[in-house]
Amino acid sequence: MRAATPAVTFDSGGVPLAGLLHLPAGPGPHPVVLLLQGFPGNERNLDLAQALRAAGYAAVAFHYRGSWGMGGTWSWANALEDAAAVAHAVRTEAFASAYRLDPGRLALFGHSFGGFAALMIAAADPFVAAVVSVSGFDFGTVSRTLDPAARARYVEAFGEELLPLRGTSGEALVAEMERAGDRWSLAGLSPRLAGRPVLLIGTSDDTVTPADVHHRPLVKAYDQAALDHHEWPTDHALSDHRGRLIETVRAFLDGRL
């Protein structure tokens, strides 16, 4: 029962999604961490996946619909559905048995859009054992503060990231965010996360998810959660804090899983 890195496939909305399982050595059953990447998926946090495997965790990464060669079309809602589908799939008896996993010990880790998705899914699924959001993007907060100039900036910013995506546009992505409104407010998840293990990491040198907008309000809102939180002076990708990120996430999971 050696360590292995099998390619795996998940179905969401009738579309096959390519994934990668970082499986540790040993008989298990191993706790599982699902890694949810951001938009458009340039940073997949596979350094974290390797470190978690070395610590005895199975780590799963995958591509959302309409991204990086996957079928279907990209949208925020589709990606949320994909993340929920994969979180369910890794806990099925067939998948867990095949790969020596413990379906009762599933944690979600997400970065940027993935941080938003991780919190949304954990709030809807009480069987998620722990959740980590790093530089999470709070769609609800942004949608409430979109004046015409800010809206135009988001249309342009989203539009510049479309090369690995299909079937969308900057305008479509902003419009979807506006339609969702407060339904996608991360602070509004607080009652469903009360008493549950949550790790929030904010990034104060970050122009994508500035901490005063996307991180600090959540620290206050999640006062009833079993909350750990940090704010570091680094950029959106935590480019000079990767080691610290790995150590912090591993210590958090060790105490919860």
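For the structure, check the block above.
Residues numbered from 1 in each chain as written. Predicted model: local features only at pLDDT ≥ 70, side-chain atom pairs only at ≥ 80, totals over all residues. Heavy atoms only, no water.

S.K.: Looking at this model, I keep getting lost on the overall build of the chain. Mind explaining?
M.R.: From N to C terminus, the chain includes 11 helices and 8 strands. Seen along its three principal axes, the alpha-carbon backbone of the chain occupies a region of about 55 × 40 × 35 Å. Counting across all 257 residues of the chain, residues that qualify as buried make up 56%. Looking at the chain alone, contacts between residues at least 24 apart form 72% of all its contacts between residues at least 6 apart. Accessible surface computed for the chain: about 10400 Å², of which carbon and sulfur atoms make up 54%. Side-chain charges in the chain split into 21 positive and 27 negative, and the spacing between the mean points of these groups amounts to 6 Å. (Helix = DSSP H or I, 4+ residues; strand = E, 2+ residues; numbered from the N terminus. Buried < 20%, exposed > 50% of the residue type's maximum accessible area, 1.4 Å probe, protein only. Contact = heavy atoms within 4.5 Å. Areas by Shrake-Rupley, 256 points an atom, 1.4 Å probe, with all protein chains shown as cover. Lys, Arg positive; Asp, Glu negative; His and termini not counted. Charge placed at Lys NZ, Arg CZ, Asp CG, Glu CD.)

S.K.: I would appreciate a short explanation of the pattern of salt bridges in the present structure.
M.R.: Between side chains of opposite charge, pairing is possible as soon as their charged atoms come close. Tallied over the entire structure, the rule returns 11 salt bridges. Salt-bridge contacts for Arg 242 lead to Glu 43; the nearest nitrogen and oxygen are separated by 3.9 Å. One end of the pair, Arg 242, is in helix H11 (residues 242-256); the other, Glu 43, is in the loop between strand S3 (30-36) and helix H1 (46-54), with 199 residues separating them in the sequence. Judged by relative accessible area, which is 29%, Glu 43 ranks as partly exposed. Ionic contacts of the salt-bridge type, sharing partners, join the residues Glu 43, Asp 47 and Arg 242 into one network. (Salt bridge = Lys/Arg side-chain N within 4 Å of Asp/Glu carboxyl O.)

S.K.: Please clarify how helix H7 (residues 170-180) should be interpreted in this entry.
M.R.: An α-helical turn contains 3.6 residues, so a residue and the one three or four places further along point in the same direction. Gly 170, Leu 173, Val 174, Ala 175, Glu 176, Met 177 and Ala 180 are the residues of H7 that are buried. In this structure, the buried residues of H7 make contact with helix H2 (76-89), helix H5 (139-144) and helix H6 (148-159). At the C-terminal side of H7, Gly 181 shows a positive phi close to 55 degrees.

S.K.: Sorry, what's going on with the pairing of strand S4 (residues 58-62) here?
M.R.: Within a regular strand, side chains alternate between the sheet's two faces. Across the 5 residues that make up S4, a large majority, 5, are buried. Bridge analysis of strand S2 (residues 15-22) against S4 gives 4 bridges, and the strand direction is antiparallel. Bridge assignment links Leu 21 to a residue of S4, and that residue is Val 60. Two elements, S3 and S4, share 4 bridges in a ladder whose sense is parallel. Counterpart to Val 32 in the pairing with S4 is Ala 58. Since S3 and S4 lie parallel, the crossover through H1 that links them has a hand, and here it is right-handed. (Pairing = 2+ DSSP bridges. Right-handed = clockwise from strand over helix to strand, strands pointing away.)

S.K.: What is the right way to read the sheet that holds strand S6 (residues 130-134) from this model?
M.R.: Through backbone hydrogen bonds, the strands of a sheet pair up, either in parallel or in antiparallel fashion. Read from one edge of the open sheet, 8 strands run S1-S2-S4-S3-S5-S6-S7-S8, paired in mixed fashion. Both edges of this open sheet fall to strand S1 (7-12) and strand S8 (226-232), since each of them pairs with a single strand only. Between one strand axis and the next, the sheet turns by 20 degrees as a mean value, whatever way the strands run. Along the sheet, helix H4 (residues 113-124) makes contact with S3, strand S5 (101-111), S6 and strand S7 (197-203), crossing S5 at roughly 140 degrees. (Axes fitted to C-alpha atoms, helices over the stretch in contact; angles between N-to-C directions.)

S.K.: Looking at this structure, I do not really get the nonpolar core. What am I missing?
M.R.: In globular proteins that are soluble, nonpolar side chains generally tend to be buried together. The biggest cluster of nonpolar side chains holds 63 residues, and the ones touching the most others in it are Trp 76, Leu 108, Phe 113, Leu 119 and Tyr 222. Of all the elements, H4 adds the most residues to this core, at 9 residues. Those residues within four positions of Trp 76 in sequence are excluded, and the remaining contacts are Phe 39, Phe 113, Phe 139, Phe 158, Leu 173, Glu 176, Met 177 and Trp 184. By size, the runner-up hydrophobic cluster in this structure holds 23 residues, among which are Ala 59, Ala 107, Ile 201 and Leu 257. (Core = buried A, V, L, I, M, F, W, Y, C linked by side-chain atoms within 4.5 Å.)

S.K.: I'm lost on the packing of aromatic side chains in this one. Help?
M.R.: Pairs of aromatic rings are described using the distance from one ring centre to the other and the angle between the two planes. Counted by the stated rule, this structure contains 21 aromatic pairs. Taking 5.5 Å as the distance between ring centres and 75 degrees as the angle between the ring planes, the aromatic pair formed by Phe 39 and Phe 158 counts as edge-to-face. One end of the pair, Phe 39, is in the loop between S3 and H1; the other, Phe 158, is in helix H6, with 119 residues separating them in the sequence. One exposure class covers both Phe 39 and Phe 158, and it is buried. When the ring of Trp 76 is compared with that of Phe 113, the centres are 5.4 Å apart and the planes differ by 35 degrees; the resulting orientation is tilted. With Trp 76 in helix H2 and Phe 113 in helix H4, the pair connects residues that are 37 residues apart, well separated along the chain. As far as the burial class goes, Trp 76 and Phe 113 line up, both buried. Every member of this aromatic cluster is reached through a ring pair, and the members are Phe 39, Phe 62, Tyr 64, Trp 74, Trp 76, Phe 113, Phe 116, Phe 137, Phe 139, Tyr 154, Phe 158 and Trp 184. (Phe/Tyr/Trp six-rings, centres within 6.5 Å; stacked < 30°, edge-to-face > 60°.)

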